[in-house]
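The residues making up each chain are set out below.
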Amino acid sequence: MKGPVAVAQASADGKGDAGVANGAVAAAHEPTGLKEGFVVFGVLLALALVLHFPHYGSHYGDPNFDIYLHYQWVKEFAEGVRHGWLYPRWAFFSHFGLGEPVFVFYSPLYYLLSALLSLTGIGTWNAMHVVEVLTNALFGFFIYLTCRSYTSFRVALLAGFAAAANPFLMMLHYKFQGFAWASVGYAAHGLLLWSLFRPRASFDRLNLPAAAAIGIAVVGHTMSTLVILICYSAAALVAPGASGRVTIGGLPRRLLAWTGTVALGLGLGAIYLLPALGSTSLINTAAWTGPHILQGFVWPTFSAVRHGVQWFSFQWPLALPVLALLLAQGWLFFRLKAAEGQPVRPVLIRLFLVLGVAVFFGSELSYPLWTVESPLLRIQLPYRFLSVAYVMVIVIGALLIEATQASGRSGWRRGMAFAIAAVGVLGLFIAGKSNYLDGGPLVPAMANDQYTFELLPQWSRTPDGGFACSAETRACRFLPLSAGSFRGTPEYETKLLKPAYIDYAVGGFAQECRSHQARCGPARYVANTVAWSIDMSSDGSLRLPVFLWPNWSVQVDGGVEPAVHDPDTGLILVRLGTGTHEVRLEWVDTPMFAVARWVSIISLVLWGCLALAAKRRVRAGGV
């Protein structure tokens, strides 16, 4: 087999494939065979089982509000699917049972996968961990595949281990409790990295695997999608040139191709993305912004003095390894001669560009950009860019090990391997500390799938509008968290919501019916509908236990009624005459939702046609 330098030289001389845009070819190292792939995925799956054992095995953790939030959202999504609503958009039991449009705005993939698995009978908590374990292993596997094209088996496996256990991901899962981002969001990130940096990838034409990764990322976790798109766009700025160098020649074509790739990916996720973007004027988006944004830079200095620090562990201790590796890797890269790093040099330059963008936006270097209104503020916390920075320093480190092999820099080679391994070990330590030192036993009923949405009896309403706990202090500390998203989230409050809804919620729909001398049957959920049988003793208006939203169609005795709301609460108000009535709410697609669905269908068909055409070209011997 030709050495990697010889192979790359052939490509640089124009004898290689024009689609080999990353300056190296797969023949530089033996491609991953089926057997090797199964072995590696098995190893990474075993690692994922170890990493996630504290939650699913020993049932230990350091819970915050989000752990119960995501758990309850999965249960809500599963209930909707069980009732025949494949893509539920409304969470009926949030805000003390009055609902919120959470699944209009929050990416659905994690909840859909977990919900489908829970319907097999394994329960909500176990279903969540099946998704998390598998996607964690997938993420590590994509990192391995990316590195394997340029490095040895052992180095690529080391990179896969470090990525799957990296400290940011462990903190994200066990402290931030961002399950959707830490699972399907990271798996999509890994797929995007591989699709852009595999040897045959090209920025000069539409990248179908990258488009698929972007589509999955959009329906997996929106904020992290914006982060990776900002960062990875930098890779399109340069192209491989002669002798291991890069050039900006052909930039307009690359930017056009990358724009098309991103557009196709966004089109695939349009079924979720368009309604989410188009409906933001109807909710409390002010909760997404605030002073916490300028408190969230990595390695904060003057911003910490001026605004304070949002989460010190993320911003300094967790970010220091990235800073150290960035400096060491940058120094080593510039010390290497072009010939020594030639096989992977163009790839390294592109990776450094991605890393540079992540560092820029995550640190105070970008401070002015976070002070003006722009889509960037939707990321909320600048240190979210650490998610990309950690992946970059791991992959760059793996490729630098390969680049130093021919130069005889054995000390640097060993040091870089040690540093990558240390990243993974640090992640393992964080996983253990977060759960067993900082945390404690989780709510037992949750693991047994007995956790309910009902308001806990230990908490009672106080005259000032708050709630008081009658249990012991330690129990009270966890009880409000155990109530989870039952109290709702401020960012998904409808603009029509008014504070008096809490007074309604305390008594519930039963109290509303009693106050009007009406007899109301239990709520019946079928697919995208909820219905009640209501017997009125006299004419009157009832407030239904659902906030008004444009998608709700109000039907009384089979006829559609105007959708109006109670001005004191924001709840749906219906006028009923004396006698028994069948009141039904049906979630119907507005034109925006219908357009979004068709955009995704058309994008999927287009993606499939382009994939078939590419496959035929390959069979015919084309590029």
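What counts and how
Residues numbered from 1 in each chain as written. Predicted model: local features only at pLDDT ≥ 70, side-chain atom pairs only at ≥ 80, totals over all residues. Heavy atoms only, no water. Axes fitted to C-alpha atoms, helices over the stretch in contact; angles between N-to-C directions. Helix = DSSP H or I, 4+ residues; strand = E, 2+ residues; numbered from the N terminus. Parallel < 35°, antiparallel > 145°, perpendicular 65-115°, else oblique. Contact = heavy atoms within 4.5 Å. Nonpolar A, V, L, I, M, F, W, Y, C, P; charged D, E, K, R; others polar. Salt bridge = Lys/Arg side-chain N within 4 Å of Asp/Glu carboxyl O. Buried < 20%, exposed > 50% of the residue type's maximum accessible area, 1.4 Å probe, protein only. Expected span 1.5 Å × (residues − 1). Polar contact = N/O pair within 3.5 Å; in protein donor to acceptor, adjacent residues only side chain to side chain. Phe/Tyr/Trp six-rings, centres within 6.5 Å; stacked < 30°, edge-to-face > 60°. Lys NZ or Arg CZ within 6 Å of the ring centre and 35° of its normal. Disulfide = S-S within 2.5 Å. Pairing = 2+ DSSP bridges. pLDDT = per-residue confidence, 0-100. Core = buried A, V, L, I, M, F, W, Y, C linked by side-chain atoms within 4.5 Å. Left-handed = near helix turned anticlockwise from the far one by under 90°.

Notes on the packing of helix H13 (residues 222-232) against helix H19 (residues 345-362)
For any two helices packed against each other, the geometry comes down to the angle between their axes and how far apart the axes lie.
Then, number 1: Contact geometry for H13 and H19: axes closest at 8 Å, N-to-C directions at 125°. Taken together, the axes of H13 and H19 are oblique relative to one another. For the pair H13 and H19, contact is made by Ile230, Cys231 and Tyr232 and by Val354, Val357, Ala358 and Phe361, respectively.
Then, number 2: Here the contact of H13 with H19 is composed, by residue class, of seven nonpolar, no polar and no charged.

Remarks on the pattern of salt bridges
Then, number 1: What the rule picks out here adds up to 12 salt bridges.
Then, number 2: Linking lysine 175 and aspartate 62 is a salt bridge whose minimum nitrogen-to-oxygen distance equals 2.7 Å. One end of the pair, lysine 175, is in the loop between helix H10 (167-174) and helix H11 (179-197); the other, aspartate 62, is in the loop between strand S1 (60-61) and helix H4 (65-82), and 113 residues separate them in sequence. No difference in accessibility class separates lysine 175 from aspartate 62, as the two residues are buried.
Then, number 3: Each of Asp62, Lys175, Lys433 and Asp438 takes part in salt bridges that share partners, so that together they form one network.

Observations concerning helix H8 (residues 124-148)
Then, number 1: Here H8 is 25 residues long and its end C-alpha atoms lie 36 Å apart, about the 36 Å a rise of 1.5 Å per residue gives.
Then, number 2: Most of H8 is tucked away, with 21 of its 25 residues classed as buried.

Describing H10
Then, number 1: For H10, a buried count of eight out of eight residues is recorded, marking the element as mostly surrounded by other parts of the structure.
Then, number 2: Every buried residue of H10 is accounted for by Pro167, Phe168, Leu169, Met170, Met171, Leu172, His173 and Tyr174.
Then, number 3: For H10, the N-terminal cap is asparagine 166; the gap from its side-chain oxygen to the backbone nitrogen of phenylalanine 168 is 3.0 Å.

Observations concerning the packing of aromatic side chains
Then, number 1: Under the definition given, this model contains 44 aromatic pairs.
Then, number 2: For the ring pair tryptophan 90 and tryptophan 552, a centre distance of 5.6 Å and an interplane angle of 75° mean the geometry is edge-to-face. Pair noted here: tryptophan 90 is in the loop between H4 and helix H5 (94-97) and tryptophan 552 is in strand S11 (residues 552-556), with a separation of 462 residues, a long-range link.
Then, number 3: Taking the relative accessible area as the measure of exposure, tryptophan 552 reaches 3% and is therefore buried.
Then, number 4: With 5.5 Å between their ring centres and 20° between their planes, phenylalanine 361 and phenylalanine 385 make a pair best called stacked. With a gap of 24 residues between them, phenylalanine 361 in helix H19 and phenylalanine 385 in the loop between H19 and helix H20 (386-403) connect regions that are remote in the sequence.
Then, number 5: By the ring-pair criterion, three or more aromatic residues cluster together here, those being Trp73, Phe77, Tyr87, Phe103, Phe105, Tyr106, Tyr110, Tyr111, Tyr492 and Trp549.
Then, number 6: Seen from the ring of tyrosine 87, arginine 89 lies directly overhead, with NZ or CZ sitting 3.9 Å from the centre.

Notes on the state of the cysteines
Then, number 1: In the structure shown here, the tally under the stated rule is one disulfide.
Then, number 2: At a sulfur-sulfur separation of 1.9 Å, the disulfide partner of cysteine 513 is cysteine 520. What sets the handedness of the cysteine 513 and cysteine 520 disulfide is the S-S torsion sign, and at about -105° it is left-handed.
Then, number 3: Classification of cysteine 520 as partly exposed rests on a relative accessible area of 27%.

Thoughts on the pairing of strand S10 (residues 540-547)
Then, number 1: In terms of residue burial, S10 counts as a mostly covered element, since six of its eight residues are buried.
Then, number 2: For S10 and strand S14 (residues 571-576), the ladder comprises five bridges, and the chain directions are antiparallel. Looking at the pairing, serine 541 lines up with arginine 575 of S14.

Some remarks on the confidence of the model for the protein chain
Then, number 1: Summary statistics for the protein chain give a mean pLDDT of 88 and a share of 87% for residues scoring 70 or more.
Then, number 2: Between the elements of the protein chain, mean pLDDT differs from a low of 34, seen in helix H1 (residues 4-12), to a high of 98, seen in helix H12 (residues 208-220).
Then, number 3: A low-confidence stretch, residues 1-20 stays under pLDDT 50, and its non-local contacts, those more than four residues away or across chains, total 32 contacts.

Brief notes about the nonpolar core
Then, number 1: Of all hydrophobic cores here, the largest spans 181 residues; its most connected members are Tyr232, Met392, Leu399 and Ile534.
Then, number 2: Per-element tally for this core: the top contributor is H20, with 15 residues.
Then, number 3: If near-sequence neighbours (up to four positions away) are discounted, methionine 392 is found in contact with Leu193, Tyr232, Leu351, Val354 and Leu355.

So, the packing of H12 against helix H14 (residues 251-268)
Then, number 1: Viewed as axis vectors pointing N to C, H12 and H14 meet at an angle of 40°, and their least axial separation amounts to 7 Å. Relative to H14, H12 is oriented oblique. As H12 runs across H14, the sense of the crossing is right-handed. Side by side, H12 and H14 meet where Leu208, Ala210, Ala211, Ala212, Ile214, Gly215 and Val218 of the first sit next to Trp258, Thr261, Val262, Leu264, Gly265, Leu266 and Leu268 of the second.

A closer look at the sheet that holds strand S13 (residues 564-565)
Then, number 1: Here we have three strands laid out as an open sheet, ordered S10-S14-S13, and antiparallel in their pairing. With one partner strand each, in any of the chains shown, S10 and S13 form the two edges of the open sheet.
Then, number 2: Sheet contacts for helix H24 (residues 501-515): S10 and S14; angle to S10, the most-contacted strand, approximately 120°.

Some details on the pairing of S11
Every other side chain in a regular strand lies on the same face of the sheet, so the side chains alternate between the two faces.
Then, number 1: Extensive coverage of S11 is indicated by the burial of five of its five residues.
Then, number 2: Because side chains alternate across S11, one face comprises the buried residues Trp552, Val554 and Val556, and the other comprises Ser553 and Gln555, equally buried.
Then, number 3: With five bridges joining them, S11 and strand S15 (residues 579-587) adopt antiparallel strand pairing. Bridge pairing in S15 links valine 556 to valine 583.
Then, number 4: Alignment of S11 against strand S12 (residues 559-561), held across three bridges, turns out to be antiparallel. Looking at the pairing, valine 556 lines up with glycine 559 of S12.
Then, number 5: With antiparallel pairing between neighbouring strands as the criterion, S11 and S12 make up a hairpin whose turn holds two residues, including aspartate 557 at a positive phi of roughly 55°.

Focus on the environment of tyrosine 383
Then, number 1: Checked against the element boundaries, tyrosine 383 lands in the loop between H19 and H20.
Then, number 2: If we ignore the near neighbours within four places in the chain, the residues touching tyrosine 383 are Phe168, Phe176, Gly296, Val298, Gln310, Trp311, Phe314, Gln315 and Gly362.

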